[in-house]
Amino acid sequence: MDKKALRSKYKVLRQSLTEEEIEDKSLAIANQLLRMDTIFSDRQVWDKLYYHLFLTIEEQKEINTEYILQILAGKDKEIVISKCDFTTLGMTHFLLTDNTKIKKNSYNVPEPVDGLEVPDAKIDVVFVPLLAYDKQGNRVGYGKGFYDNFLSKCKPETIKIGLSFFPPEEKIKDVSANDVKLDFCVMPEGVICF
C-alpha cells in the first residue's frame, strides 16, 4: 500500500478503538518499553539522558503517552517536548519542567508555550508518533514531514522508537529518500527491532 492509502486505513482503525481499548493498549505499550533493555541487551534504551516524547492528540485517538511520561519521570530522565511551526514545518524542543505551560494549537496538538530550549543534537531517544509502519522500519505519519525533518537533524546514534497500536504492514510502497527509518517499534504485544 502507498502512504495515502495507509493513512486512510489507520485513521479508520484508530477511530474504531474505544477509550478503554486505547488506555489498555497504551499501558501495554508502556510495559513493553520497560522490558526493552532485557530483550535487546546489546542496544540499551534506558541508560540515556534526553528523551523526546510527543504529547497525545486525543482527537486523533493517539497512544496515551502519559504512561511513558510517568516512566521517564520515575527514571529521572530529562523529558523533551516540542512545538511545531506550520510555516517552516520545523519543531522547537523544550525541556518539560514543573513550570511548563501546555496549550493546544489550532490542530489540537498539545504544545509547550515556552521554556528552556533543547537543541536537536542533545536528544538521545525519540518516541515517534505514526499512523502505520512496515517490516523494514519505514513509517507513515500525518504527511507534513515534521518528524522526518527533526530526525534528520538528530545525531546518528539517536534511538528512534515508533509507538503503534497495530502490527506492521508488509511494505510501504512509496518510501522517499527523506524518510527516516525507525530503530524499534513498540506495540501492545511486543517490540520489533529493525
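Residues numbered from 1 in each chain as written. Predicted model: local features only at pLDDT ≥ 70, side-chain atom pairs only at ≥ 80, totals over all residues. Heavy atoms only, no water.

Student: Could you give me a rundown of helix α1 (residues 3–15), with the residues and numbers involved?
Tutor: The end-to-end C-alpha distance of α1, which contains 13 residues, comes to 18 Å, matching closely the 18 Å that a straight helix rising 1.5 Å per residue would cover. Every buried residue of α1 is accounted for by Lys3, Leu6, Arg7, Tyr10 and Arg14. Along the axis of α1, the buried positions cluster into a sector of 100°, meaning they face one direction only. In α1, the exposed positions angled more than 90 degrees off the buried face are occupied by Lys4 and Val12. In this structure, the buried residues of α1 make contact with β7 (132–133) and β8 (139–140). (Helix = DSSP H or I, 4+ residues; strand = E, 2+ residues; numbered from the N terminus. Expected span 1.5 Å × (residues − 1). Buried < 20%, exposed > 50% of the residue type's maximum accessible area, 1.4 Å probe, protein only. Arc of directions from axis to C-beta. Contact = heavy atoms within 4.5 Å.)

Student: Describe the layout of surface pockets, naming the residues involved and giving the relevant values.
Tutor: In this structure, the largest pocket encloses a volume near 690 Å³. The wall of the largest pocket is formed by 33 residues, among which Pro129, Tyr142, Lys144, Phe146 and Tyr147 lie closest to the centre. For the lining of the largest pocket, the secondary-structure elements that each account for two or more residues are α1, β2 (78–85), β5 (110–112), β8 and α4 (146–151). A per-class count over the lining of the largest pocket returns 17 nonpolar, seven polar and nine charged. (1 Å grid on protein atoms, 1.4 Å probe; cavity = no way out; pocket = protein on both sides within 12 Å on 5 of 7 lines; lining within 4 Å. Points joined across faces, edges and corners; volume = space filled by probe spheres on them. Nonpolar A, V, L, I, M, F, W, Y, C, P; charged D, E, K, R; others polar.)

Student: Can you explain the environment of methionine 1? Please cite residues and give values.
Tutor: Its place among the elements puts methionine 1 in the segment before α1. We classify methionine 1 as partly exposed; its relative accessible area is 37%. Residues methionine 1 and glutamate 169, spaced 168 residues apart in sequence, show a C-alpha to C-alpha distance of 8.4 Å. Setting aside anything within four residues of it in sequence, one finds methionine 1 in contact with Leu6, Lys9, Glu169, Lys171, Ile172 and Lys173.

Student: I'd like a description of empty space enclosed by the protein, backed by residues and values.
Tutor: In this approach a probe as big as a water molecule rolls over the atoms, and the regions it shows empty are the leftover space. Under the criterion given, the structure shown has one cavity of 30 Å³ or more. Its boundaries defined by the atoms lining it, the largest cavity holds a volume of some 90 Å³. Around the largest cavity, the lining residues are Tyr10, Arg14, Phe54, Glu62, Ile63, Pro129, Leu130, Leu131, Leu163, Ser164, Phe165 and Phe166. Grouping the constituent residues of the lining of the largest cavity by class yields nine nonpolar, one polar and two charged.

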